[in-house]
Amino acid sequence: MSNIVAVSGVVIKELYRRKDFYVLFVLTVIICLIMGSVNFFNDDKIVRYLKEICLLCIWICSLVIAITTTARQIPSERENRTLFPLLAKPLTRTQLLLGKFLGCWLACGLALVCFYTFFGALAATREHHWPLVSYLQAAMLHWVMLGVVIAFALFGSLVFSAPSANTTICFVVVTFILVLARHLNKIALHLPEPRRSVVYGLYYVIPHLELFDVRDLIIHNWPPIAWNVCGVAALYGLAYAAAFLISACLVFRRKAIN
Amino acid sequence: MDTHKLPKQKTDRNANAGIPGLEGPVPPPSFAYPQAGPSPQAALDPVLETRNLCVTYRGRGTRQPDRQAVKALTLAVGRGEVFGFLGPNGAGKTTTMNVLLGFINASSGSASLFGTDVREPIARQRIGYLPELTYYYKFLSAEELLRFYARIFKVPKAERDRRIDGVLKLVDLEPSRKRQIKTYSKGMQQRVGLAQALINDPELLILDEPTSGLDPVGRMRVREVIQRLKNEGKTVFFSSHELGEVETVCDRVAILHQGELKVEGRVSELARQHQCSLEQLFLKVIGYAAQPLN
Amino acid sequence: MRSARLPVLILVALLVFCFGSAAWLDLWFQSWQGNRAQSADLLNVLLGDSRKMFANHFFVKADAYFHSGYYPTVFDNREAFQTPHMAEDSGTVGGRNKGDEQAFLGKPRDWIDALSRKLFPSRHTHLDEGGASGDLGNSSGVREIMPWLRISAELNPNDIRTYTVSAYWLRERMGKVAEAEDFLRDGLRANPDSYEIMYELGRVYAENKHDETRARNLWEAALAQWEKQEAGKPDPERALRFLFVEIISHLALLEEKQGNYPQALAYMERWKARSPYPAAVQKYIEEVQRKMSSAGQGHTDQPRQSSAMAP
């Protein structure tokens, strides 16, 4: 376990020493402040559009950070030849992979803390109340979703030849799932067999990342979600993350690294 | 200082009984040159050992046939030896090292470190490795890198700082310890490599072309480190093209050519037997004939 | 030296060629039909006609905000309608929007669908009735739809409903009468023949500013425009007939309030002819006739001639 934690520490250091996070955070802040300065019918209490824009920026930035950080972990280790002195230590490939996953996931978690703190402060300036439980649930579910995406990107980095291909495929797949996955069962109803079975099969197999997108509940001040529902969703996400990680470990063990 | 228990080293040479391909006495290597023979120390207490090691790279498709990079390599390095692993480019030296370090699997045969199969991660607990091309995490400082590697070796926290200070002083990187590695020159990066190879106070040091690309001062430093380790009773296994250096520091050498072990023995004995320098022996072994100048 | 100068000379020649070509092409580009750059509006230059699509998207977004985030997607609308309310929302069936069904989406199809219902807005609410919090007395949340309506109007100034819907909510729930008037006037500048906007502006003057003279002028202008644009058609659509009834009924009631009974009667007769509830209008007519009788004006005054009284 300490090897996994040691590797994850290096990944976290990499994130906060690279400029990606700071650029995206500053961009989010600037966009939100500009949109917040717009006057709509002389009403300074309008807040939901601002929350929506802020949360959209947070989701986009977090996916960019998660996918780009993860997609380059193993390929850059191989390309920069830092993998060899690392694997020459008493460290298994499985520990290395789990360390990379944990590091990326924790790094994204820290980024989410910064983003959601800014979001909470921004919303509080107009709403003058802070639904902490709702924000906490949203951040937690968002973090679990990123865990699934990171595990998928890590698996992709071992399967696809180039980090750019992996990044593109991850973005396309994640966007497809977030936009369409919820509706695949309705689409399937209107298709003839055998396409109906294929689409239904796809509906049940893919990880439903849209389950973790509770932005609308936050924006429109819905009551907090029941904790047992959050727990079930979190377990669902962690199961998929574990499945991707196990697949990645099996691939990595057989892969030639030179 | 090693706080971890390792499996008992195998000294019984019949330990491989029952393993296909390894029953019976070890066959002699297939080369024409008389051997100085393995050292008695290596025979009793091999720190590094290979038996009929074969590595074959599979060709891609029908046009590229399989290529045997290492052929039936049998080698033993004893405790406290400085062993030079020589050969021209493409001889199989790096492939052998990759097997020893667990980067690739052997096609057949076996390899062990301190009696433990090289496929076990614990086999690497007591070794230090310096690769030929030294690249480390550019966003880390030397101190952070060493701290990371020390953690992987499970060096106790109290001991960690002392060791980091010691190796940084040894490789003369104390003033630059807090700077990120991306600001280092090539020589400094090489020294960082040496430092990370020594952080766990290894009993066996594996060096792949340690003086490659270094200036004379750098090369001298590396030689000093090797000598110092030898004086401390550590074992050093390194490959190099600098035959002059090898002659100076090594106790024994092995010369590999086209995947086969051609010559092995003590440097002094080989020189006496063949009545020539190590360089001349090397050229003779690989079949190099000098072209007349006219 | 010669070889060092040659690349520079080639570069200069290329630059001269580029500038010359640009000067020649610019004249042609200015007269090109598809030249968006002539427009003063930045959005028009950037988006062209696709801005209407975005405008519609933002109008729908405002509706989604009004329903606290829940809105049927195109996939939901393909389904057989679960409730009459969904059918009305899709525009397929006409009726009165009650917004009182609890099982808006129907039963969950599978466990994933069931889980997802708990993780996104899946209950039908209205912002003017407290929204997600369910506080029926709180209607101030309607302000949240305004940004999207404003953006929609910016993108497509010719979409009348954006102005009328915004003005209604601004003056009815947010108490921003001046802003409603300004917005409607912006809409009228972009759509000078819009009877809908004139009618809504008239309501601002009548109900909020209590300026009945201006309200009458605006409603008469709206009626004239309606007559000019729609009356000639063999069967004006139901929505347009509804709007005619709204304009003429407001004019009729205004005239009745001000004691102009003959004028009021004239409007009411026209109202009755198009109203889906002629019996109710007849009661209004009888009431006015009673007032006329008691005031003793039935046989002397003629209805005031206005441009809206065209045959």
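Residues numbered from 1 in each chain as written. Chains lettered and ligands numbered in written order. Predicted model: local features only at pLDDT ≥ 70, side-chain atom pairs only at ≥ 80, totals over all residues.

### Some words on the overall build of chain B
Of regular secondary structure, chain B possesses nine helices and 10 strands. Burial statistics for chain B: of 294 residues in total, 43% are counted as buried. In chain B, the proportion of contacts linking residues at least 24 apart, taken out of those at least 6 apart, comes to 71%. (Helix = DSSP H or I, 4+ residues; strand = E, 2+ residues; numbered from the N terminus. Buried ≥ 20, exposed ≤ 12 C-beta atoms within 10 Å, placed from the backbone. Contact = placed C-beta atoms within 7 Å.)

### Notes on the overall build of chain A
When you go through chain A residue by residue, the secondary structure sums to 12 helices and zero strands. In sequence order, the secondary structure elements of chain A are arranged as α-α-α-α-α-α-α-α-α-α-α-α. For a compact globule of 258 residues, the expected C-alpha radius of gyration is about 18 Å, and chain A comes in at 20 Å, within 12% of that figure. In terms of overall dimensions, chain A has C-alpha extents of about 65 × 55 × 35 Å along its principal axes. Here chain A, with 258 residues, has 45% of them falling under the buried criterion. Intrachain contacts of chain A at a sequence separation of at least 6 include 82% that bridge at least 24 residues. (Rg over C-alpha atoms; globule rule 2.2 N^0.38 Å.)

### What about the interface of chain A and chain B?
By convention, interface size is frequently given as the accessible area that disappears when the constituent parts associate. Residue-level contacts link 21 residues of chain A with 24 residues of chain B. Within the residue set of the side of chain A that touches chain B, elements represented by two or more residues are helix H1 (2-17) and helix H5 (83-87) of chain A. When residues of the side of chain A that touches chain B are assigned to their parent elements, the largest contribution, seven residues, is made by H1(A). When grouped by side-chain class, the residues that make up the side of chain A that touches chain B number 10 nonpolar, six polar and five charged. (Nonpolar A, V, L, I, M, F, W, Y, C, P; charged D, E, K, R; others polar.)

### Things to note about helix H2 (residues 20-36) of chain A
Residue and element names in this part refer to chain A. Helix length check: H2, at 17 residues, gives a terminal C-alpha distance of 24 Å against a target of 24 Å (1.5 Å per residue), a fit within 8%. Listing the buried residues of H2 in full gives Phe21, Thr28 and Cys32. Each buried residue of H2 lies within a common arc of 35° when the element is viewed along its axis, so the set occupies one face. For H2, exposure combined with an orientation more than 90 degrees from the buried face picks out Tyr22, Val23, Val26, Ile30, Leu33 and Ile34. Residues of H2 that are buried make contact with H1, helix H3 (48-71) and helix H6 (93-127). (Expected span 1.5 Å × (residues − 1). Arc of directions from axis to C-beta.)

### As for the environment of A:Thr125
Its place among the elements puts A:Thr125 in helix H6. With 78 residues separating them along the chain, A:Thr125 and A:Val47 place their C-alpha atoms 9.1 Å apart.

### Looking at the sheet that holds strand S3 (residues 82-86) of chain B
Strand pairing in a sheet relies on backbone hydrogen bonds. The paired strands run either parallel or antiparallel. Residues and elements named next belong to chain B. Pairing is mixed across the open sheet formed by six strands, whose spatial order is S6-S7-S8-S3-S9-S10. In this open sheet, the two edge strands, each paired with only one partner strand, are strand S6 (127-130) and strand S10 (260-266). Along the sheet, successive strands turn relative to each other by an average axial angle of 15°, direction set aside. Pairing of S3 with strand S8 (residues 235-239), which is carried by four bridges, proceeds in the parallel orientation. Paired with Phe85 across the two strands is Ser239, which belongs to S8. Lying over the sheet, helix H6 (residues 216-231) contacts S3, strand S7 (204-208) and S8, oriented at roughly 150° with respect to S8. (Pairing = 2+ DSSP bridges. Axes fitted to C-alpha atoms, helices over the stretch in contact; angles between N-to-C directions.)

### Describing the interface of chain C and chain A
At the interface, 30 residues of chain C touch 28 residues of chain A. Taken together, the elements giving at least two residues each to the side of chain C that touches chain A come down to helix H4 (74-78), helix H6 (111-117) and helix H7 (146-155) of chain C.

### Some details on unusual backbone geometry
Following A:Glu193, the chain continues to A:Pro194 via a peptide bond in cis, the omega torsion being 0°. On the secondary structure map, A:Pro194 appears in the loop between helix H9 (184-189) and helix H10 (195-205). Of note, the phi angle at C:Ser68 is positive, near 55°, even though the residue is not glycine. In this fold, C:Ser68 is placed in the loop between helix H3 (51-66) and H4.

### A look at the packing of helix H7 (residues 132-159) of chain A against helix H12 (residues 227-254) of chain A
All names here are of chain A. Two elements in contact, H7 and H12, have axes whose closest approach is 8 Å; the angle formed by their N-to-C orientations is 15°. Accordingly, the angle class assigned to the pair H7 and H12 is roughly parallel. The two elements H7 and H12 cross, and the hand of that crossing is left-handed. Among the residues forming the contact of H7 with H12, the class breakdown is 22 nonpolar, four polar and no charged. (Parallel < 35°, antiparallel > 145°, perpendicular 65-115°, else oblique. Left-handed = near helix turned anticlockwise from the far one by under 90°.)

### Some words on the environment of A:Gly156
Residue and element names in this part refer to chain A. With respect to the helices, strands and loops of the structure, Gly156 is situated in helix H7. According to the C-beta neighbour criterion, Gly156 is buried, with 22 such atoms within 10 Å. Each C-alpha atom, one on Gly156 and one on Ile169, is 8.5 Å from the other, the two residues being 13 residues apart in sequence. Contacts of Gly156, omitting those with residues within four sequence positions, involve Ala71, Asn166, Ile169 and Cys170.

### Remarks on the nonpolar core
By size, the foremost hydrophobic cluster in this structure holds 212 residues, and its most contacted members are A:Val149, A:Ile150 and B:Ala195. Here this core spans two domains, and each of domain 1 (43-93 + 108-179) and domain 2 (220-311) of chain C adds at least three residues to it. The contact partners of B:Ala195, leaving out residues within four places of it in the chain, are B:Ala142, B:Leu146, B:Val167, B:Leu168, B:Val171 and B:Leu173. (Core = buried A, V, L, I, M, F, W, Y, C linked by C-beta atoms within 7 Å. Domains from an automatic or database assignment.)

### Points about the packing of helix H8 (residues 160-172) of chain C against helix H10 (residues 195-208) of chain C
Residue and element names in this part refer to chain C. One way to put it is that H8 packs onto H10 with a least axis distance of 9 Å and a crossing angle of 10°. The angle between H8 and H10 falls in the class roughly parallel. Facing H8, whose interface residues are Ile160, Tyr163, Thr164, Ala167 and Arg171, H10 presents Glu196, Ile197, Glu200, Val204 and Asn208. Across the contact of H8 with H10, the residue classes tally to five nonpolar, two polar and three charged.

### Details of the confidence of the model for chain B
All names here are of chain B. Looking at chain B, pLDDT values average 80 and 83% of them are 70 or higher. By mean pLDDT, the top-scoring element of chain B is helix H3 (residues 142-152) (94), and the lowest-scoring one is helix H1 (residues 40-44) (56). Low confidence marks residues 1-38, where pLDDT is under 50. Its contacts with residues over four positions away, or in another chain, come to 47 contacts. Across the interface, the model reports ipTM at 0.88; the global pTM reads 0.82. (pLDDT = per-residue confidence, 0-100.)

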